Structures are given as structure tokens and as C-alpha cells.
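A look at the structure
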Amino acid sequence: QVQLVESGGGLVQPGGSLRLSCAASGSIGSINAMGWYRQATGKQRELVASINNGGSPIYSESVKGRFTISRDNAKNTVYLQMDSLKPEDTAVYSCNANVRRRLTSIVGDYWGQGTQVTVSS
């Protein structure tokens, strides 16, 4: 089994910052891409940012220049630094990891439970 545990969500005022973390554990052989998705109420889930195992990031246009994704491969952890937050960033943020399982080498996508981010004054 592979587990992803997120932390760092909460309530912040517009213009503020938050840092999300997501740690993967379990039967991990290697992790390919890791990413953050979000889903606002009444909307479809969307990709916020992703990063491959070489450290190359991809951002959605709506967060480019404000959010920074990074990862610590030794800790199997991905981070999302969110600056200049806007009310429209309010959503449940979930992390995703594409993992090659140890022993079986089966590759699959795994998800965290999600963490609420609310941007409001």
C-alpha cells in the first residue's frame, strides 16, 4: 500500500501565504511525477502544479508566478508554496503521486485525502 498525507491547509486573508506538504509512505520503489490538484465547490478538479522526479515543474496559468511547487525526493514529499492568495484559490487541495511499487514494480496513481484552503477576509 501507498499512503499520501497532506498538511498545511487553513484560512488565510487575501494576499497571504500558505505552504502545503504531502508525504508519501508505504511500499514505494520510486516516485515519478507528484502534483497538486484542487476542486472548488461546484467545479471540476483541476491541476494546479506538478513536478517530475528531475525537478521540472508545470503550473496552471491561474497560479503561475504566485505558487511554487518543489519536492524532496529523500523524504518522498512534495510542497506547494502559495503566495499572493486570492479568494478564487479557495478549494480542497489534493496531492497526487505516480508511484512504482516496491517488489511488484506496478505503477499507479495515488491520492491524498485533501486539505481545505480558504482565502477570505
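Here is a short report on the structure shown in this document. (Residues numbered from 1 in each chain as written. Predicted model: local features only at pLDDT ≥ 70, side-chain atom pairs only at ≥ 80, totals over all residues. Heavy atoms only, no water.)

1. A closer look at the sheet that holds strand 8 (residues 77–82)
Paired through backbone hydrogen bonds, the strands of a sheet run either parallel or antiparallel to each other. Spatial ordering of the open sheet is given by 1-3-8-7, a layout of 4 strands whose pairing is antiparallel. At either end of the open sheet lies a strand with only one pairing partner, and these are strand 1 (2–7) and strand 7 (67–72). Within the sheet, the average angular offset between the axes of one strand and its neighbour, ignoring direction, is 15 degrees. Where strand 1 meets strand 3 (residues 18–26), 6 bridges bridge the pair, whose relative direction is antiparallel. Across the sheet, residue Gln-3 finds its bridge partner in strand 3, namely Ser-25. (Pairing = 2+ DSSP bridges. Helix = DSSP H or I, 4+ residues; strand = E, 2+ residues; numbered from the N terminus. Axes fitted to C-alpha atoms, helices over the stretch in contact; angles between N-to-C directions.)

2. Considerations on the packing of aromatic side chains
Across all of its chains, the model carries 1 aromatic pair by this definition. Sitting over the face of the ring of Tyr-37, Arg-45 holds its NZ or CZ atom 5.8 Å from the ring centroid. Its guanidinium or amino end placed over the ring of Trp-111, Arg-45 lies 3.9 Å from that ring's centre, counting from NZ or CZ. (Phe/Tyr/Trp six-rings, centres within 6.5 Å; stacked < 30°, edge-to-face > 60°. Lys NZ or Arg CZ within 6 Å of the ring centre and 35° of its normal.)

3. What to know about the side chain of Asn-98
Tracing the backbone through its elements, the reader meets Asn-98 in strand 9 (residues 91–101). A polar contact of 3.1 Å, which involves the side chain of Asn-98, links it to the side chain of Asp-109. Leaving out residues up to four positions away in the same chain, Asn-98 has contacts with Ser-30, Ile-31, Asn-32, Ala-33, Val-107, Gly-108 and Asp-109. (Polar contact = N/O pair within 3.5 Å; in protein donor to acceptor, adjacent residues only side chain to side chain. Contact = heavy atoms within 4.5 Å.)

4. Considering the pairing of strand 10 (residues 107–111)
The side-chain alternation of strand 10 yields one buried face, formed by Gly-108 and Tyr-110, and one unburied face, formed by Val-107, Asp-109 and Trp-111. As paired elements, strand 9 and strand 10 share 5 bridges and run antiparallel to each other. Pairing of Arg-100 across the sheet is with Val-107, part of strand 10. The antiparallel hairpin formed by strand 9 and strand 10 contains 5 residues in its connecting segment, where Leu-103 sits at a positive phi of about 75 degrees. (Buried < 20%, exposed > 50% of the residue type's maximum accessible area, 1.4 Å probe, protein only.)

5. With respect to the nonpolar core
Counting residues in each nonpolar core, the largest one holds 29 residues, and the members touching the most others are Trp-36, Leu-80, Met-82 and Tyr-93. For this core, the secondary structure elements donating two or more residues are strand 1, strand 3, strand 4 (28–39), strand 5 (46–51), strand 7, strand 8, strand 9 and strand 11 (115–119). Among the elements that make up this core, the one with the highest residue count is strand 9 (5 residues). Setting aside anything within four residues of it in sequence, one finds Leu-80 in contact with Leu-18, Arg-19, Leu-20, Trp-36, Val-48, Ala-49, Phe-67, Thr-68, Ile-69 and Tyr-93. (Core = buried A, V, L, I, M, F, W, Y, C linked by side-chain atoms within 4.5 Å.)

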